[in-house]
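Breakdown of the fold
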Amino acid sequence: GEVHHYPSLFTSRWQAPDGSEAQVIVNYLQTPQQCSVDYAGEGVLFTQPDGTGTALAGGQTIELAPLSAVLVKLN
């Protein structure tokens, strides 16, 4: 009878030895979810595995399709 609340997105951020950072964001729900990545500067948003990305400004809203994942390269 208890109610448990969980975040609607799973996320993990990594830093490479050269100092560059990337963050993976996963929407495991069957509904679209919105979020923003809080960082200074610009990044690149990758939504497809073909390696093409689009520019992303820090704090810009991202909409993730149901059951999808994106990668944000931060530096």
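A few points on the structure. (Residues numbered from 1 in each chain as written. Predicted model: local features only at pLDDT ≥ 70, side-chain atom pairs only at ≥ 80, totals over all residues. Heavy atoms only, no water.)

1. Section: the nonpolar core
Of all hydrophobic cores here, the largest spans twelve residues; its members are Leu9, Ile25, Cys35, Val37, Tyr39, Leu45, Leu56, Ile62, Leu64, Val70, Val72 and Leu74. Those elements giving two or more residues to this core turn out to be strand S6 (61-64) and strand S7 (68-73). Excluding anything up to four places from it in sequence, leucine 64 contacts Leu9, Ile25, Val26, Asn27, Pro32, Gln33, Cys35 and Val70. (Core = buried A, V, L, I, M, F, W, Y, C linked by side-chain atoms within 4.5 Å. Buried < 20%, exposed > 50% of the residue type's maximum accessible area, 1.4 Å probe, protein only. Helix = DSSP H or I, 4+ residues; strand = E, 2+ residues; numbered from the N terminus. Contact = heavy atoms within 4.5 Å.)

2. Describing the sheet that holds strand S4 (residues 42-46)
An order of S1-S2-S7-S4-S5 is seen for the five strands of this open sheet, with the pairing classed as antiparallel. Sheet topology places strand S1 (9-15) and strand S5 (53-57) at the edges, where each strand pairs with a single neighbour. Neighbouring strand axes in the sheet, compared pairwise and without regard to direction, differ in orientation by 25 degrees on average. For S1 and strand S2 (residues 21-27), the ladder comprises seven bridges, and the chain directions are antiparallel. The residue bridging threonine 11 from the neighbouring strand is isoleucine 25, located in S2. (Pairing = 2+ DSSP bridges. Axes fitted to C-alpha atoms, helices over the stretch in contact; angles between N-to-C directions.)

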